[in-house]
Amino acid sequence: MRAQPQPVIPVTVLETKLYVPRPRPGQVSRPRLRERLDRATRATLVLVSAPAGFGKTTLLTEWLAASSADGGRRTAAWLSLDAGDNDPAHFWTYVIAGLRSLVPDMGASALELLQSPQALPVEAVLTTLINDLGTVDGDVVLVLDDYHVIESREVHDAMGFLLDHLPPQLHLVISSRADPPLPLARLRAGGELVEVRAADLRFTAEEAAAYLNDAMGLQLTAPDVAALEGRTEGWIAALQLAALSMQGRADAGDFIAGFAGDDRYVVDYLVEEVVQRQPQPVQDFLLRTSVLTRMSGPLCDAVAGSTGGKAMLQALERGNLFLVPLDDQRRWYRYHHLFADVLQARLMDEHPELLPDLHAAASRWYADNGEPAEAIRHAMAGGDVQQAADLVERTLAAVRRDRQDALLRSWLEALPEDVIRVRPVLCIAAAGSLLSTAEVEGVERRLRDAERWRDLVFDDAGRQGERPPELVVVNEQEFAWLPTWVSIYRAGLALALGDGPATVLHARRALEVLDEDDVVGLGAATALIGLASWGTGDLATTYAAYVSCLTTFERAGHVADVMGIAITVGDLCVAFGRLDEAMGTYESALALAAAQGGPAPRGSADMYVGISGVHFERGDLGAAHAALLRCRELGEHLGLPQNRYRSRVAMARLLEAEGDLDGALELLDEAERLYVGDFSPRVRPVPARKARVWVKQGRLDDVRSWARREGLAPDDELSYLREFEHVTLARALLVEDRLDEAAGLLDRLQEAAQSGGRTGAVIEVLVLRALVAQRQGDPRTALAAVSRALELAEPEGHVQVFVDEGEPMASLLRAAAASGHGPAYLHRLLAGQGATAPSSRRPRSGDPVEPLSERERDVLRLLATDLSGPEIARRLVVSLNTVRTHTKNIYAKLGVNSRRAAVRRAEELDL
């Protein structure tokens, strides 16, 4: 119901997760492994798999730095993963953010799909991302570090899909402590996998000597180096810890002989050696800050209860004490995972009583510094569920604004039931988070909890009384609006369950107790009334409700909400046949946005999709194309969740009108993948639009299969929700010469559309009725039907509904002109018929066996220029895959196999 901005990732989080580590001074060069990694450009996946401490990250940073120094075109995006990235939306949001750090416009559509409140198949999200990646020039490396923290089956499955469809420009590198559950065997068998494993990463004797003596300056003898390398088996972390322990010792040989054991024992032993050699203040600092996943000076001061945190971090880095910088400014760091594990285990063993206070201090610091997600995580980790609940309640407005419903839901699910039940604000938030994904299970229970508190505290007018002592309220504003939002979510639940009358009842109750400052509540309740009426075909009530919403949000200056409402108002105007009003609605919304200044708000792209639709209805296909081009220029990230679907449907209608039926179907297939269901009724389903194209192609078996799947028959009881499908069925009946059935169905559809005031549908039905009568040999009925259609269509300038029907309609229009009907308007319609009619040029010897479609001719003209494939796609406002399909068809029809040959052949044929 509402347009929402994109989720906001805290800048510090984004910077640290996407920071590409730099090689450290003195790092041992490993050309043998770099050469293996260089094969990444010929492989689908590079897997660096080894336990902790084997130098996986160090190797990858050296490889990327060497590639850059060599002047290669390879650029890299780096994502440091943690346990929080098991949320698929988080995972792919960060992946896209990393790619956008290299290509700013990359993945805008995929981001919007991720942020949709409704669940969407991840394949739809990744398909749009893969299409974007296919347009990138040069190689791009995506490094996923610490992939072993990912346990989500959904993320693994999506990664498998990405690997199956990886464009050649993208090279995926995974660094992990364990093999990920991906199709490694298949990739290995196909030569598409480059592997670097623990055995490869272990230091050779020569590398160990270079590290210990050159990098660490220990001056060990060859036997000592060999002994240490043998004891550690080339394990880099153990060598580093041993080197730190030996610095300043005179008895290096004795020390080397003094430890042995398995890897875990060696690490524990050596970490203890390193830590014990530090001054007590440093030991205390290390233990106390080990609870942090990332550290800055001020944060360490807050947690360690001291000052000088920044200087301490810098000193630890200079001392090579397993500190990893997370930005170039050296503001943020983290401990090496292996080192942090040992520190945390020691803290738990020696000072478990400190953990709650340490996490509480971290939580307070993050809360004070605008990072509520980290504040909540530390409160949970410290066992302070009351503080965590307080933080969740305080951050509700921001979480809703940023559409982070999955994150909110994860917080609420982590809180104990008894904590939520005494907090009505969290009860109602839980109900809303479930409804945001169209999930109804569990909503009733949460609403009843909220209603119990409402009934105890509020009177029928929404005024507050005495509060029970067990009631917990932190966010007073949200609590004051509780009666309104209980009723709003009651209405939403009723709508999800298909109970229109209950939806209206609860929405009106919300309006009765509404606070005048709750503008969002006003819009939501009003829109729910409209939605309930929309599903029944009562478009007049729906229109009135949405216009009221539009006025409310305009006065409040909520531009994004205005955009969201304007789309629905425009759709309703088109259904009413009022094209001028639809155009005015879209243009007014854009004018409001322009008046506020700044960048175009989210939803702007949708306005141009609507404008394109009006131009299309009026037969101005050039203007319709231009509006869609403007939509794309703005970027699909400025659209609402349905923008990708709507824009592709709009472009498909243009291609269909121009005769490119295959291209139209390709776009409709993409639209079907991108469709996101919401509370709005699905009145023009994509499968029905595809069936209309199949009718034109003569694919009647496919049309019949569609009708069977949808349960459609000529004698069905009619409803507004299925009107578009039944009109489509009538088109199929006409082509199949089932004329009596078509006529009967169309007569009933006309009566239903007229009674509902849906003039747009009436015009289309009359056009089809005229064609049926013409085919039946009944010119009088045909002329009467087309004349009535012209009377309804002329005031608003409908053109395309007539032009699309080709020569049969043109003959009826000429008959109408002969009877004296609207000469100027008819002239325009007949001119439109000529503009979209197939070429009348007579075929010549050597012409293609099959003529090129208009869209193929457009592509062919651009193939003769210097434009690249992606540039041609942008010029024609289609996907790169569409351009490739057209190019393949052109080659086949012209009998050539290259771009240059196609252009030369076209010149020979004067195409």
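Position labels on residues start from 1 in each chain and follow its written sequence. pLDDT decides what is reported in this predicted model: residues at 70 or higher carry local features, side-chain atom pairs at 80 or more are listed and counted, and totals for whole chains, interfaces and linings draw on all residues regardless. Side-chain metrics in this entry use all non-hydrogen atoms of the structure; hydrogen atoms and water are not considered.

**Considerations on the overall build of the chain**
- A run of H or I in DSSP counts as a helix once it spans at least four residues, and a run of E counts as a strand once it spans at least two, with each numbered from the N terminus. In terms of helices and strands, the chain carries 50 helices and seven strands.
- Relative to its full complement of 911 residues, the chain shows a buried share of 55%.
- Within the chain, residue pairs in contact and separated by at least 24 positions form 69% of the contacts whose partners lie at least 6 positions apart.
- Note on areas: Shrake-Rupley with a 1.4 Å probe; residue coverage comes only from the protein chains shown. Just so you have it, the chain exposes about 37900 Å², and 51% of that area is on carbon and sulfur atoms. Three labels apply to residues, based on accessible area from a 1.4 Å probe with only protein chains included: buried if under 20% of the type maximum, exposed if over 50%, partly exposed otherwise in between. Whether two residues are in contact is decided by their heavy atoms: any pair within 4.5 Å suffices.

**Quick look at the environment of Leu 482**
- Here Leu 482 lies in helix H28 (residues 482-496).
- A sequence separation of 29 residues divides Leu 482 from Trp 453, and the C-alpha atoms of the two residues are 9.1 Å apart.
- When residues no more than four places from it in sequence are discounted, the contact partners of Leu 482 are Pro 424, Ile 428, Ala 450, Arg 454 and Phe 458.

**Some points on unusual backbone geometry**
- At Asp 146, a position not held by glycine, the phi torsion is positive, near 65°.
- Mapping Asp 146 onto the fold places it in the loop between strand E3 (140-145) and helix H7 (153-164).
- With a phi angle near 65°, Asp 737 is a residue other than glycine that sits in the positive phi range.
- Locating Asp 737 in the fold gives a position in the loop between helix H40 (723-735) and helix H41 (739-755).

**Focus on H41**
- Helix span, as expected, comes to 1.5 Å for every residue beyond the first. For H41, with 17 residues, the first-to-last C-alpha span of 24 Å sits near the 24 Å given by 1.5 Å per residue.
- Along H41, the positions that sit buried rather than exposed are Leu 739, Ala 742, Ala 743, Leu 745, Leu 746, Leu 749, Gln 750 and Ala 753.
- Elements in contact with the buried residues of H41: H40 and helix H42 (759-775).

**Focus: the packing of helix H32 (residues 559-576) against H42**
- Following both chains from N to C, one finds H32 and H42 inclined at 40°, their axes separated by 4 Å at the closest point. Judged by the inter-axis angle, H32 sits oblique to H42. Contact with H32, carried on its side by Val 574, Ala 575 and Phe 576, involves Thr 759, Gly 760 and Ala 761 of H42 and no other residues of that element.
- Lys, Arg, Asp and Glu make up the charged group, whereas Ala, Val, Leu, Ile, Met, Phe, Trp, Tyr, Cys and Pro make up the nonpolar group; the residues left over, Gly among them, are polar. Among the residues forming the contact of H32 with H42, the class breakdown is four nonpolar, two polar and no charged. Note on geometry: axes are C-alpha line fits, over the in-contact stretch for helices, and angles between N-to-C directions span 0 to 180 degrees. The scheme is simple: roughly parallel for angles under 35 degrees, roughly antiparallel for over 145, roughly perpendicular for 65 to 115, oblique for anything else.

**Section: the sheet that holds strand E5 (residues 193-197)**
- Read from one edge of the open sheet, five strands run E2-E3-E4-E1-E5, paired in parallel fashion. One side of each edge strand has no neighbouring strand; the edge strands of this open sheet are strand E2 (75-80) and E5. Strand after strand, the sheet turns through a mean of 15° between neighbouring axes, direction not considered.
- By the convention used here, strands pair only if DSSP detects at least 2 bridges between them. Taken together, the six bridges between E2 and E3 define a ladder with parallel strand orientation. Within E3, the residue paired with Ser 80 across the bridge is Asp 145.

**Things to note about the environment of Asp 620**
- Looking at the element boundaries, Asp 620 is found in the loop between helix H34 (604-617) and helix H35 (621-634).
- Asp 620 gets classed as partly exposed once you look at its relative accessible area, which sits at 37%.
- Taking the C-alpha atoms as reference points, Asp 620 and Gln 800, separated by 180 residues in sequence, lie 8.5 Å from one another.

**What to know about the pattern of salt bridges**
- Basic side-chain nitrogens of Lys or Arg form a salt bridge, by our definition, when they fall within 4 Å of a carboxyl oxygen of Asp or Glu. In total, this model carries 51 salt bridges according to the counting rule given.
- Residue Arg 738 is joined to Glu 741 by a salt bridge in which the shortest nitrogen-to-oxygen separation is 2.7 Å.
- Given the relative accessible area of 33%, Arg 738 is considered partly exposed.
- In this structure, the salt-bridge partner of Asp 747 is Arg 769, at a minimum N-O distance of 2.9 Å. Of the two residues, Asp 747 sits in helix H41 while Arg 769 sits in helix H42, which places them 22 residues apart along the sequence.
- Owing to a relative accessible area of 37%, Asp 747 belongs among the partly exposed residues under this scheme.
- Look at the salt bridges and you will find they share partners, linking Asp 701, Arg 704, Glu 736, Arg 738 and Glu 741 into a network.

**Regarding the side chain of Asp 327**
- As for its placement among the helices and strands, Asp 327 is situated in the loop between strand E6 (323-325) and strand E7 (333-335).
- Of note is the side chain of Asp 327, whose polar atom sits 2.9 Å from the backbone nitrogen of Arg 331.
- Reaching out from Asp 327, the side chain makes a polar contact with the backbone nitrogen of Trp 332 at a distance of 3.2 Å. Any pair of nitrogen or oxygen atoms within 3.5 Å is treated as a polar contact; in protein, a donor-acceptor pairing is required on top of that, and neighbouring residues in sequence qualify only through side-chain atoms on both sides.

**Remarks on the packing of aromatic side chains**
- Here a Phe, Tyr or Trp ring, Trp counted by its six-membered ring, pairs with any other such ring whose centre lies within 6.5 Å, and the pair is stacked when the planes are under 30 degrees apart, edge-to-face when over 60, and tilted otherwise. Following the criterion strictly, the structure yields seven aromatic pairs and no others.
- With a centroid separation of 6.2 Å and an interplanar angle of 70°, the aromatic rings of Trp 332 and Trp 365 are classed as edge-to-face. Here the residue Trp 332 occupies a position in the loop between E6 and E7, and Trp 365 occupies one in helix H19 (residues 355-368), the gap between them amounting to 33 residues.
- On the accessibility criterion, Trp 332 (6% relative accessible area) is buried.
- Taken together, the aromatic side chains of Trp 332, Trp 365 and Tyr 366 make up a single cluster linked through ring pairs.
- Here, a charge over a ring is recorded when the distance from Lys NZ or Arg CZ to the ring centre is within 6 Å and its angle to the ring normal is within 35 degrees. For the cation-ring pair, Arg 294 lies above Trp 332, with the distance from its terminal atom to the ring centre recorded as 4.6 Å.

**Let's talk about the nonpolar core**
- As used in this record, nonpolar core signifies buried Ala, Val, Leu, Ile, Met, Phe, Trp, Tyr and Cys residues forming a set joined through side-chain atoms within 4.5 Å. Of all hydrophobic cores here, the largest spans 212 residues; its most connected members are Leu 212, Met 246, Leu 286, Leu 316, Tyr 335 and Phe 802.
- Both domain 2 (206-276) and domain 3 (416-536) contribute no fewer than three residues apiece to this core.
- Every residue in contact with Leu 316, bar those within four places of it in the chain, is listed here: Val 282, Phe 285, Leu 286, Leu 321, Leu 323 and Tyr 335.
- If you look at the next biggest cluster of nonpolar residues, it comprises 45 residues, including Ile 96, Met 159, Phe 161 and Leu 166. Domains are outlined according to an automatic or database domain assignment.

**Observations regarding the pairing of strand E1 (residues 45-49)**
- Extensive coverage of E1 is indicated by the burial of five of its five residues.
- Burial along E1 is two-sided: Leu 45, Leu 47 and Ser 49 facing one way and Val 46 and Val 48 facing the other are all buried.
- Strand direction decides the pairing type here: E1 and strand E4 (residues 170-176), joined by five bridges, are parallel. Paired with Leu 45 across the strands is Leu 172, a residue of E4.
- One ladder, built from five bridges, connects E1 with E5; its direction is parallel. Bridging from a neighbouring strand, Leu 45 pairs with Leu 193 of E5.

**Some remarks on helix H33 (residues 579-596)**
- Taking 1.5 Å of rise per residue, the 18 residues of H33 would be expected to cover 26 Å, and the 26 Å separating its terminal C-alpha atoms lies within 8% of that figure.
- If you check which residues of H33 are buried, you get Leu 579, Ala 582, Met 583, Thr 585, Tyr 586, Ala 589, Leu 590 and Ala 593. With its buried residues spanning 155° around the axis, H33 presents them on a single face.
- Those residues of H33 that are buried lie in contact with helix H31 (539-556), H32 and H34. The arc under discussion is defined with respect to the helix axis, by the directions toward the C-beta atoms.

**Some points on the confidence of the model for the chain**
- On a range of 0 to 100, pLDDT expresses the predictor's confidence in each residue. Per-residue confidence for the chain averages 83 on the pLDDT scale, and 87% of its residues sit at or above 70.
- Below pLDDT 50 for its whole length, residues 1-8 participates in 30 contacts with residues either more than four positions away or in separate chains.
- For residues 834-849, every residue scores under 50 in pLDDT, and the model assigns this stretch 17 contacts once sequence neighbours within four places are set aside.

**A short note on the packing of H32 against H33**
- Where H32 contacts H33, the two axes come as close as 8 Å, and the packing angle between them is 170°. Considering their axes alone, H32 and H33 lie roughly antiparallel with respect to each other. In this structure, H32 contributes Val 559, Val 562, Met 563, Ala 566, Ile 567, Val 569, Gly 570, Asp 571, Cys 573 and Val 574 to the contact, and H33 contributes Leu 579, Glu 581, Ala 582, Thr 585, Tyr 586, Ala 589, Leu 590, Leu 592, Ala 593 and Gln 596.
- Among the residues forming the contact of H32 with H33, the class breakdown is 15 nonpolar, three polar and two charged.

**Overview of the environment of Leu 667**
- Positionally, Leu 667 belongs in helix H37 (residues 661-674).
- For Leu 667, a relative accessible area of 3% translates into the label buried.
- In this structure, the C-alpha to C-alpha distance between Leu 667 and Leu 655, residues 12 residues apart in sequence, is 9.2 Å.
- Among all residues touching Leu 667, those that are not within four sequence positions of it are Arg 648, Met 651, Ala 652 and Leu 655.

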